[in-house]
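Here's the letter readout for the chains.
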Amino acid sequence: MSHLSERPEGAVVGVSMPHESAALHVTGTALYTDDLVHRTKDVLHAYPVQVMKAHGRITALRTEPALAVPGVVRVLTGADVPGVNDAGMKHDEPLFPDEVMFHGHAVAWVLGETLEAARLGAAAVEVDLEELPSLVTLEEAIAADSFHGARPVMLTGDVDAGFADSAHVFTGELRFSDQEHFYLETHAALAYIDEAEQVFVQSSTQHPSETQEIVAHVLGLHSHEVTVQCLRMGGGFGGKEMQPHGFAAVAALGAKLTGRPVRLRLNRTQDLTMSGKRHGFHARWKIGFDEEGRIQALDATLTADGGWSLDLSEPVVARALCHIDNTYWIPHARIAGRIARTNKVSNTAFRGFGGPQGMLVIEDIMGRCAPLLGLDPMELRERNFYRQGQSTPYGQPVVRPERITAVWEQVKQNAGIAERTREIAAFNAAHPHTKRALAVTGLKFGISFNLTAFNQGGALVLIYKDGSVLINHGGTEMGQGLHTKMLQVAATTLGIPLHKVRLAPTRTDKVPNTSATAASAGADLNGAAVKNACEQLRERLLHVAATQLGGHASDVRVVDGVVRTLGSDKELAWDDLVRTAYLQRVQLSAAGFYRTEGLHWDAKTFRGSPFKYFAHGAAAAEVEVDGFTGAYRIRRVDIVHDVGDSLSPMIDIGQVEGGFVQGAGWLTLEDLRWDTGDGPHRGRLLTQAASTYKLPSFSEMPEEFHVTLLENATEEGAVYGSKAVGEPPLMLAFSVREALRQAAAAFGPSGISVELASPATPEAVYWAIQAARQDAAGEGPTGGGLAEGGSAGGGSADGALAEGGSAEGVQADGESAGGGSAEGVQADGESAGGGSAGRVQVDGGPAGDGVRVDADAAIGA
């Protein structure tokens, strides 16, 4: 076992314990950024001047009326910026823009003695705008060829040969939604200037070092003149990785210009309308299977809705491409990625960081194609699992593919799949208007940052004369339990009780040049750095102990604060050892560092091994669907997840549960809508509150929820044998979507393929049910994708449109598909008005009824 993963006697890691701030959270005494305002004197409040148009050029900005409002102190504009007027790392996000790029774009900020004064001042600012054409939807951007950033292509094998060797070939499209972070704490910053003109910023940020860098370049300062601290966040989920920087810079600029502390906190509506979301995607795919249902080739194009600026869209798309395989070996693949530029907020990191988007594509393909291949969806998935010796499409060996099977088989056993499948079949036969379904899906998620340089962590550990320990590390706490794990790692490495260790808030003047707390790598990077610092200190102390107890330092053990040597009854208390070391002038502080080894990545060729390891999991979800309304409930969920040897089991189980529920929200409930009309409010976010944007709540929780952590799962080369847990569980929610698809199909004849929108809202499920019923009534094909070339693979019989080869005789609502060309034919039999690469499908029902179009004609450009 590697030194990094080996656990000592009496380890504190692996022990279930509550979150280190749990009592503070539930009593309301935990401090967040905006709570510090009440502890700060003479604070000014910042309020944005938002322009409520999707796109336009500013021709005049008059701030004088705002200055006439009582209580307004100053209006910040681009003319006030002493450094670089940009809030991003790509230099494509003007902090004070002269061109409005989305509905609600802030073009200036008003500082007031009170928040109300600042609000009234912002309302008084006059902005003249020359309106410009806007692209609000992903479909509009694709049709207009509006793209920005890199366009990576991932190639493996010989795709054309793979399709030529395929017995069954299908094509299809999928459009799936973005997602709002909706963290409990909105974006917030508090900045002040000290007597030495140092800038100090309290920020709700996942990336303090980058916040520091942006604040410095906006103010024209060096990084050592700016300190950023993050006490904790009330949620982040990736939304606070890149986007807090501009808000912190506004507060810092205001403090620099006025000499007074400046507080900036967005209200909920501002946060929803001004900050980025998870990237919505469009995917267009073609897949080939052999006679046994094994994938032969995949050709796909993934288009992300990047919004108005690049933000993190390029690495998000890169990770999506790297995860389109999920748990399946694809010997021949050509996967292209691109980023659409739209007049919406700049989309950003969100738990999974593109991985969920890529994996959703392949899981949707498997769910749609299984009936067309005459296979049970579980069987189709199992046949395509990675085996020993196989590599991903980007060339990284899947070194422990048996984990994929291990979690899969264990969840099948825990969930009693065989027996429950029989029970569900009996229930469905007896209930014509209510159907149940049970689906199992797995995951393989790569852990590390796509950008190799980010895979480093730092820590500073201090031991005081009384034996107490203070640790600082580069990770931030957003409720995920990172600080709890770091306390456990430090106590374990030093061999002392947990109560002797305290953790300081994350700040840039203690640990410099840190990476964002993201990519699920927080515990890996910072835990290894904390362990490294503690090992340096322990090594020094063991030499002191050896002289006190007699013997060699290599024979000294520290367990639960008691120091002993092997083969001796003599012992020494930890506190006495530390005091002795101090008197001997032994250094009692250490800076720890860790960098992930074995990573290499060529972004140009899209080849390499970008991930340290893969996290695995499997989930079985059972749903019950009402045939009249499409309403559904999640009856039971069973999960087996691989976290290696857990650092903190209670924390990890909470992360699995929370990630799953958040994933289910994205896939089934959370439906962001914008005004896409040509009226005066074009581009406006319509779902601006929890009243219109449906979030998961207790009523959406599974009625039975069983989470098991995979045992005997030590991960070599990771801190104390653990694995990342933050992001991977979100993808376990694919099981819910697949169960809903199967339940909708149960309303139709056996073996039909049903398309399902994402999010699969009750409305979308209802239309999927209607499509299945149309199939039962013999009203023509309702989905399942195109069967293309050679044998239709059962596609024609199951209602799939066939293109070429055996396409003749396929009908849509009784009309001939025209000898296999099928252009412009919709699933409801109406003309699509000029086809989309062969056909347009809708997920049941006309788009005019408010149904999300699964593959719009405009996408086929």
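Residues numbered from 1 in each chain as written. Predicted model: local features only at pLDDT ≥ 70, side-chain atom pairs only at ≥ 80, totals over all residues. Heavy atoms only, no water.

A. Focus on the overall build of the chain. When you go through the chain residue by residue, the secondary structure sums to 19 helices and 33 strands. Computed over the C-alpha atoms, the radius of gyration of the chain is 28 Å, within 12% of the 29 Å expected from 2.2 N^0.38 for a compact globule of 861 residues. With the C-alpha coordinates of the chain rotated into their principal frame, the extents come out at 90 × 80 × 50 Å. Relative to its full complement of 861 residues, the chain shows a buried share of 63%. Summed over all atoms, the accessible surface of the chain reaches about 30,000 Å², with 51% contributed by carbon and sulfur. (Helix = DSSP H or I, 4+ residues; strand = E, 2+ residues; numbered from the N terminus. Rg over C-alpha atoms; globule rule 2.2 N^0.38 Å. Buried < 20%, exposed > 50% of the residue type's maximum accessible area, 1.4 Å probe, protein only. Areas by Shrake-Rupley, 256 points an atom, 1.4 Å probe, with all protein chains shown as cover.)

B. Geometry of the sheet that holds strand β16 (residues 434-447). Taken in spatial order, the four strands line up as β16-β27-β28-β29 in an open sheet, and their pairing is mixed. A strand with exactly one partner marks an edge of an open sheet, and here the two such strands are β16 and β29 (704-709). Between one strand and the next, the sheet's axes are offset by a mean angle of 15°, whatever the strand orientation. With six bridges joining them, strand β28 (residues 632-641) and β29 adopt parallel strand pairing. Considered in β29, the bridge of arginine 636 is made with glutamate 704. (Pairing = 2+ DSSP bridges. Axes fitted to C-alpha atoms, helices over the stretch in contact; angles between N-to-C directions.)

C. Representation of the packing of aromatic side chains within the structure. One pass over the structure, following the stated rule, counts 17 aromatic pairs. Between tyrosine 766 and tryptophan 767 the ring centres are 5.4 Å apart and the planes differ by 70°, which places this aromatic pair in the edge-to-face class. You can call tryptophan 767 buried: its relative accessible area is 17%. Sitting over the face of the ring of phenylalanine 147, arginine 151 holds its NZ or CZ atom 4.4 Å from the ring centroid. Taking NZ or CZ as reference, arginine 232 lies 5.8 Å from the ring centre of tyrosine 32, over its face. (Phe/Tyr/Trp six-rings, centres within 6.5 Å; stacked < 30°, edge-to-face > 60°. Lys NZ or Arg CZ within 6 Å of the ring centre and 35° of its normal.)

D. Molecular detail of the pattern of salt bridges. Inspection of every chain in the model, using the stated rule, returns 54 salt bridges. Measuring nitrogen to oxygen at the nearest pair gives 3.2 Å for the salt bridge that ties glutamate 139 to arginine 175. Pair noted here: glutamate 139 is in helix α4 (residues 138-143) and arginine 175 is in strand β8 (residues 168-176), with a separation of 36 residues, a long-range link. Note on glutamate 139: relative accessible area 12%, which makes it buried. With a relative accessible area of 9%, arginine 175 lands in the buried category. We note a salt bridge from arginine 507 to aspartate 509, for which the minimum N-O separation is 2.7 Å. Via salt bridges that share partners, Glu363, Asp364, Arg368, Arg381, Arg737, Glu738, Arg741 and Glu755 belong to a single interconnected network. (Salt bridge = Lys/Arg side-chain N within 4 Å of Asp/Glu carboxyl O.)

E. Here's a closer look at the environment of leucine 302. Relative to the helices and strands, leucine 302 resides in strand β14 (residues 295-307). A sequence separation of 385 residues divides leucine 302 from threonine 687, and the C-alpha atoms of the two residues are 26 Å apart. With residues up to four places along the chain from it excluded, the contact list for leucine 302 reads Phe281, His282, Ala283, Ala320, Leu321, Ile324, Ile335, Ala336, Gly337, Arg338, Gly358 and Val361. (Contact = heavy atoms within 4.5 Å.)

F. A look at the side chain of serine 448. Position of serine 448 relative to the elements: it lies in the loop between β16 and β17 (456-463). Taking the relative accessible area as the measure of exposure, serine 448 reaches 3% and is therefore buried. There is a polar contact of 3.1 Å between the side chain of serine 448 and the backbone nitrogen of lysine 612. (Polar contact = N/O pair within 3.5 Å; in protein donor to acceptor, adjacent residues only side chain to side chain.)

G. Here's a closer look at the sheet that holds strand β2 (residues 56-62). The antiparallel open sheet is built from three strands, whose spatial order is β4-β2-β6. Where the open sheet ends on each side, the last strands, each with one partner, are β4 (99-100) and β6 (126-131). By the bridge criterion, two bridges tie β2 to β4 in an arrangement that is antiparallel. Along β4, the bridge assignment pairs arginine 57 with glutamate 99.

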